[in-house]
Amino acid sequence: MERYIYMDNAATTPVKKEVLEEMLPFFTEKYGNPSSVYKLGSANRVEVEKAREKVALALGADKSEIYFTAGGSESDNWAIKGAAYKYRDKGNHIITTKIEHHAVLNTCKYLEKQGFEVTYLDVDEDGIVKLDDLKRAIRDNTILISVMFANNEIGTIQPIKEIGEIAKEHNILFHTDAVQAIGSIKIDVNELNIDLLSLSAHKFFGPKGVGALYIRKGVRIDNLISGGGQERNKRAGTENVAGIVGLGKAIELAYENFEEKNKYIISLRDRLIEKIEKNIKYVRLNGHRTQRLPGNVNVSFEFIEGESLLLMLDLNNIAASSGSACTSGSLDPSHVLLAIGLSHEIAHGSLRLSLSELNTEEEVDYVVEKLVEIVDRLRQMSPLYEKIKEEK
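The paragraphs below set out a description of the structure included in this document. (Residues numbered from 1 in each chain as written. Predicted model: local features only at pLDDT ≥ 70, side-chain atom pairs only at ≥ 80, totals over all residues. Heavy atoms only, no water.)

### Comments concerning the overall build of the chain
What counts, and what does not: Helix and strand labels come from DSSP, where a helix needs a run of H or I of at least four residues and a strand needs a run of E of at least two; each type is numbered from the N terminus. Based on C-alpha atoms, the radius of gyration is set beside the globule rule, defined as 2.2 Å times the residue count to the power 0.38. For the exposure calls, accessible area comes from a 1.4 Å probe over protein chains only, and a residue counts as buried if that area is under 20% of its type's maximum, exposed if over 50%, partly exposed in between. Contacts: residue pairs with any heavy atoms within 4.5 Å of one another. Residue-level accessible areas treat just the shown protein chains as cover; the underlying method is Shrake-Rupley with a 1.4 Å probe. Neither His nor the chain ends contribute to the count of charged residues, in which Lys and Arg are positive and Asp and Glu negative. By convention, the point assigned to a charge is CZ for Arg, NZ for Lys, CD for Glu and CG for Asp.
Summing up its helical and strand segments, the chain has 14 helices and 12 strands in all. Since a compact globule built from 392 residues should have a radius of gyration of about 21 Å, the 22 Å found for the chain is in line with a globular shape. Considered along the principal axes of its C-alpha atoms, the chain spans approximately 75 × 55 × 35 Å. Classification of the 392 residues of the chain by burial places 55% in the buried group. Pairs at least 24 residues apart make up 73% of the contacts formed inside the chain by residues separated by at least 6 positions. Accessible surface computed for the chain: about 17,600 Å², of which carbon and sulfur atoms make up 49%. Of the charged side chains in the chain, 50 are positive and 59 negative, and the gap between their average positions amounts to 3 Å.

In structure tokens, the structure reads:
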């Protein structure tokens, strides 16, 4: 079999062998409904609670503050809609940023149609929220601040602790979409003054279709899904036991040997950035150079189209992305890249390579080698690039 290099871990990750092994029995012999009173069901209730404890431990939370969902998008929807409707009597103003995942942005747009007011904060050229802008945006009727922990496209990590302090000082709920951060950053919800936090298992070697929402004790939000009394009457629907068990194991593994794994991934990331910048002209690193996720590399190449670049990488058995997997079918340039000040032309030539502990230095070197060839080939077809060469 030909070599296949996977560098789109921000889109999804493979399920680790240890995670799958823990999940498998719950598809067959351990198939009981956790809400049942007989042994086959009640035994699974115990396993669900064990997984809840593992998630709570990873976040510095109490297990009673963890609620299982079907993934990051549901968790974001629940946190934002739930808080908005619950606190509508107090106010109708929400603050978020222009670089959020569409699970947040589209939820906010939906709420605007319901009479809520939303302020979308600008970010600087590195994709970082300006704290003074946040403070100025706060009103007497502000009920929620939602800022992602780390950006899924450019990898920039936000000043979450400072944002949490501002929210707490003004008695405003603070939600963070931590889907990209879990497993890559150590998070303590109490230290960071986070009230609501969204996560998704498939971003850290867990299964797809399962996630969680942290809801701080004492914070009340409306339910998103009505039905039975599952998840302590907060989230209806028979529990996805296999998925929940997988989530618990995956988040446990994510923080084992954490410092060592991060050091290795950062070394790969920096090697990749250095080699791209050294070997390819007219390239821009997007996002903060150091205040970024360990495995994220987002670059823009002038005079080429990102879609052509991705297709040619795929022909060389390299999986990458031009941005969020949720919008990869769109012809519009990334809203994140436009928000940090890139022109449409340069934004269209963007590439996201996201690494994990499974990648190697050999893979990094091979990808750069192919990138040099592909970018050069694509630029040879660009009249604008030929004009630039002539002028030089």
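### Observations concerning helix H3 (residues 72-86)
Applied cut-off: Every helix has an expected span of 1.5 Å times one less than the residues it contains.
Compared with the 21 Å implied by 1.5 Å per residue over 15 residues, the 21 Å span of H3 between its first and last C-alpha is a close match. Most of H3 sits inside the fold, with 12 of its 15 residues counted as buried. Considered for burial, the residues of H3 that qualify are Gly-72, Glu-74, Ser-75, Asp-76, Asn-77, Trp-78, Ala-79, Ile-80, Lys-81, Gly-82, Ala-83 and Ala-84.

### Remarks on a nonpolar patch on the surface
To be explicit about the condition: Only residues whose relative accessible area exceeds 30% and that form no salt bridge are eligible for patches; like-charged ones are grouped when within 9 Å, while nonpolar side chains (Val, Leu, Ile, Met, Phe, Trp, Tyr) are grouped when within 5 Å. A pairing counts as a salt bridge when a side-chain nitrogen of Lys or Arg comes within 4 Å of a carboxyl oxygen of Asp or Glu.
A surface patch of nonpolar side chains, about 360 Å² in accessible area, is lined by Val-15, Leu-20, Leu-24 and Phe-27. If you trace the backbone, Phe-27 turns up in the loop between helix H1 (17-23) and helix H2 (39-59). On the accessibility criterion, Phe-27 (55% relative accessible area) is exposed.

### Some points on the packing of H2 against helix H8 (residues 241-254)
We count it as follows: Under this scheme, a helix contributes an axis fitted over its contacting stretch, all axes are lines through C-alpha atoms, and angles between N-to-C directions fall in the 0 to 180 degree range. Crossings are classed by handedness, with left-handed meaning an anticlockwise turn of the near helix from the far one by less than a right angle and right-handed meaning a clockwise turn. Polar here means any residue outside two lists: the nonpolar Ala, Val, Leu, Ile, Met, Phe, Trp, Tyr, Cys and Pro, and the charged Asp, Glu, Lys and Arg; Gly therefore counts as polar.
The contact between H2 and H8 brings their axes to 8 Å, and the two run at 30°. Taken as a pair, H2 and H8 cross one another with a handedness that is left-handed. Contacts from Asn-44, Glu-47, Val-48, Ala-51, Lys-54, Val-55 and Ala-58 of H2 reach H8 at Val-241, Ile-244, Val-245, Leu-247, Gly-248, Lys-249, Ile-251 and Glu-252. Its residues assigned to classes, the contact of H2 with H8 shows 9 nonpolar, 2 polar and 4 charged.

### Structural notes on empty space enclosed by the protein
Put simply, the rule reads: Only protein atoms enter the calculation, which uses a 1 Å grid: trapped sets of points that fit a 1.4 Å probe without letting it out are cavities, open sets showing protein on both sides within 12 Å along at least five of seven lines are pockets, and any residue with an atom within 4 Å of a point is a lining residue. Grid points are joined across faces, edges and corners, and a volume is the space filled by probe spheres set on the points.
Counted under the stated rule, the structure contains 1 cavity of 30 Å³ or more. Computed from the structure, the largest cavity encloses a volume of approximately 390 Å³. Lining the largest cavity are 29 residues, and of these Gly-183, Ser-184, Lys-203, Leu-355 and Ser-356 lie nearest its centre. Contributing elements (two or more residues each) for the lining of the largest cavity: H8 and helix H9 (258-279). A total of 4 residues in the lining of the largest cavity trace back to one element, the largest contributor, which is H9. Each residue belonging to the lining of the largest cavity can be placed in one class, and the counts come to 13 nonpolar, 12 polar and 4 charged.

### Details of the packing of aromatic side chains
Heads up, the condition is: Between 30 and 60 degrees the pair is tilted, below 30 it is stacked and above 60 it is edge-to-face, where a pair is any two Phe, Tyr or Trp rings, Trp via its six-membered ring, whose centres lie within 6.5 Å. In this analysis the charged atom, NZ for Lys or CZ for Arg, is taken to sit over a ring once it is within 6 Å of the ring centre and within 35 degrees of the ring normal.
The full count for this structure, using the stated rule, is 4 aromatic pairs. Measuring from centroid to centroid gives 5.9 Å for Tyr-85 and Phe-116, while their planes differ by 70°, and the two rings are edge-to-face. With Tyr-85 in helix H3 and Phe-116 in the loop between helix H4 (102-113) and strand E4 (117-121), the pair connects residues that are 31 residues apart, well separated along the chain. Given the relative accessible area of 3%, Phe-116 is considered buried. Centroid distance Tyr-282 to Phe-303: 5.3 Å. Interplanar angle 80°. Geometry classified as edge-to-face. Taken as a pair, Tyr-282 in the loop between H9 and strand E9 (283-285) and Phe-303 in the loop between strand E10 (296-301) and helix H10 (306-315) lie far apart in primary sequence, 21 residues in all. By relative accessible area, Tyr-282 is classed as partly exposed at 26%. Look at Phe-303 and you get buried, because its relative accessible area is 16%. Here Lys-16 stacks its cationic end above the ring of Phe-205, 4.8 Å away from the centre of that ring. In this structure, Lys-81 is placed above the aromatic ring of Tyr-110, and the distance from its NZ or CZ to the ring centre is 4.6 Å.

### Some points on the sheet that holds strand E5 (residues 142-146)
We count it as follows: Should DSSP find at least two bridges between two strands, the strands are regarded as paired.
With mixed pairing, the 7 strands of this open sheet are ordered in space as E2-E8-E7-E6-E5-E3-E4. A single partner strand is all that each edge strand has here, and the edge strands are strand E2 (66-69) and E4. Each strand axis lies, on average, 20° off the axis of its neighbour in the sheet, ignoring direction. Each of E2, strand E7 (196-200) and strand E8 (211-215) touches H2; the most contacted strand, E2, lies at about 115° to it. H3 contacts E2, strand E3 (93-97), E5, strand E6 (173-177), E7 and E8 of the sheet and is inclined by roughly 160° relative to E7.

### Some thoughts on the packing of H3 against H4
Which entries qualify depends on this criterion: Oblique is the label for any angle not covered by the other classes, which are roughly parallel (under 35 degrees), roughly antiparallel (over 145) and roughly perpendicular (65 to 115).
Their axes nearest at 9 Å, the elements H3 and H4 cross at an angle of 30°. Classified by the angle their axes make, H3 and H4 are roughly parallel. Of the two possible hands of crossing, H3 and H4 adopt the one that is right-handed. The segment H3 lies against H4, with Ser-73, Asp-76, Asn-77, Ile-80, Lys-81, Ala-84 and Tyr-85 engaging Ala-103, Val-104, Thr-107, Cys-108, Tyr-110 and Leu-111. When the residues that make up the contact of H3 with H4 are grouped by side-chain class, the tally is 8 nonpolar, 3 polar and 2 charged.

### Things to note about the sheet that holds strand E12 (residues 350-354)
Spatially, E9-E10-E12 is the arrangement adopted by the 3 strands of the open sheet, whose pairing is antiparallel. Sheet topology places E9 and E12 at the edges, where each strand pairs with a single neighbour. Pairwise comparison of adjacent strand axes, ignoring direction, gives a mean angle of 25° for this sheet. Where E9 lies against E10, 3 bridges are found, and the strand directions are antiparallel.

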